[in-house]
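Below, each chain spelled out in residue letters.
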Amino acid sequence: PHPAQRRGGPRADMVPEIAAAVGFVSSLLRTRGCVSEQQLQVFSGALREALAEHYKHHWFPEKPFKGSGYRCIRINHKMDPIISKAASQIGLSLPQLYQLLPSELTLWVDPYEVSYRIGEDGSICVLYEATATKPVSSYGMLTCKNQMMLGRTSPSKNYIMTVSS
């Protein structure tokens, strides 16, 4: 981007967030040891480009949770097409990807925060959090994560207490 675009306002680039997401997926592939460093570099580059392209018109630093579902990368017995496309560049087939990556993985790439969850009931771990203060308006909005958690909570404790009294 032009130097002029870097001045003022919320940070519009997605570089650190995408780097965190790409680094995380690459590290998952690396731990199994079947993929060479050279392949990982090609994969990382392809994934970085694909994500930047996919997120281009869906990135709102002033409303970090807007478009969160669109940017969410998911593997739930179906491989996320962005990951499989990048993997095909290094000759990894879908069956290989399923062996290398968790069968349940959700990766949220939002402005100022990248987090993931392995397994449907796993806890959410933050990979990257910007020190930049998030706009106040984003609080109180239901994020992709909160909705999933709300959708799964059991009845609250006071509800159970009123039943037993």
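The structure displayed is predicted, hence computed values, not measured ones.

Asks: It is not clear to me how helix 2 (residues 37–55) should be interpreted in this structure. Could you clarify?
Replies: Since there are 3.6 residues in each turn of an α-helix, residues three or four apart along the chain are aligned in direction. Spanning 19 residues, helix 2 covers 26 Å between terminal C-alpha atoms, matching the ideal 27 Å at 1.5 Å per step. Among the residues of helix 2, those classed as buried are Leu40, Phe43, Ser44, Gly45, Ala46, Leu47, Leu51 and Tyr55. Those residues of helix 2 that are buried are in contact with helix 1 (15–31), helix 3 (68–71), strand 1 (73–76), helix 4 (81–88) and strand 2 (104–110).

Asks: Teacher, can you tell me more about unusual backbone geometry here?
Replies: The bulk of non-glycine residues show a negative phi, and the bulk of peptide bonds are trans. Of note, the phi angle at histidine 77 is positive, near 65°, even though the residue is not glycine. Tracing the backbone shows histidine 77 in the loop between strand 1 and helix 4. Overall, histidine 77 belongs to the exposed group, its relative accessible area being 54%. At tyrosine 112, a residue that is not glycine, the phi angle is positive and equals roughly 75°. With respect to the helices, strands and loops of the structure, tyrosine 112 is situated in the loop between strand 2 and strand 3 (113–118).

Asks: Explain the UniProt feature "domain: Anti-proliferative protein" (unreviewed entry) in the chain to me, please; I cannot follow it from the model alone.
Replies: In the numbering used here, UniProt assigns the feature "domain: Anti-proliferative protein" (unreviewed entry) to residues 55–75 and 101–120. In this annotation, residues 55–75 is assigned 24% helix and 14% strand; the end-to-end C-alpha distance for the span is 18 Å.

Asks: Looking at this structure, I do not really get the side chain of serine 44. What am I missing?
Replies: Along the chain, serine 44 turns up in helix 2. Under the relative-accessibility criterion, serine 44 is labelled buried at 12%. A polar contact is formed between the side chain of serine 44 and the side chain of serine 26, at a distance of 2.8 Å. Apart from residues no more than four positions distant in its own chain, serine 44 is found in contact with Val22 and Ser26.

Asks: Would you take a moment to explain the packing of helix 2 against helix 4 for this structure?
Replies: Between two packed helices, both the angle of their axes relative to each other and the distance between the axes serve to describe the pair. One way to put it is that helix 2 packs onto helix 4 with a least axis distance of 8 Å and a crossing angle of 145°. The handedness of the crossing between helix 2 and helix 4 comes out as right-handed. Taking contact as the criterion, the partners of Phe43, Ala46, Leu47, Ala50, Leu51 and His54 in helix 2 are, on helix 4, Ile82, Ile83, Ala86 and Ala87.

Calculation notes
Residues numbered from 1 in each chain as written. Predicted model: local features only at pLDDT ≥ 70, side-chain atom pairs only at ≥ 80, totals over all residues. Heavy atoms only, no water. Helix = DSSP H or I, 4+ residues; strand = E, 2+ residues; numbered from the N terminus. Expected span 1.5 Å × (residues − 1). Buried < 20%, exposed > 50% of the residue type's maximum accessible area, 1.4 Å probe, protein only. Contact = heavy atoms within 4.5 Å. UniProt positions renumbered as here; feature names shortened; annotations may be inferred. Polar contact = N/O pair within 3.5 Å; in protein donor to acceptor, adjacent residues only side chain to side chain. Axes fitted to C-alpha atoms, helices over the stretch in contact; angles between N-to-C directions. Left-handed = near helix turned anticlockwise from the far one by under 90°.

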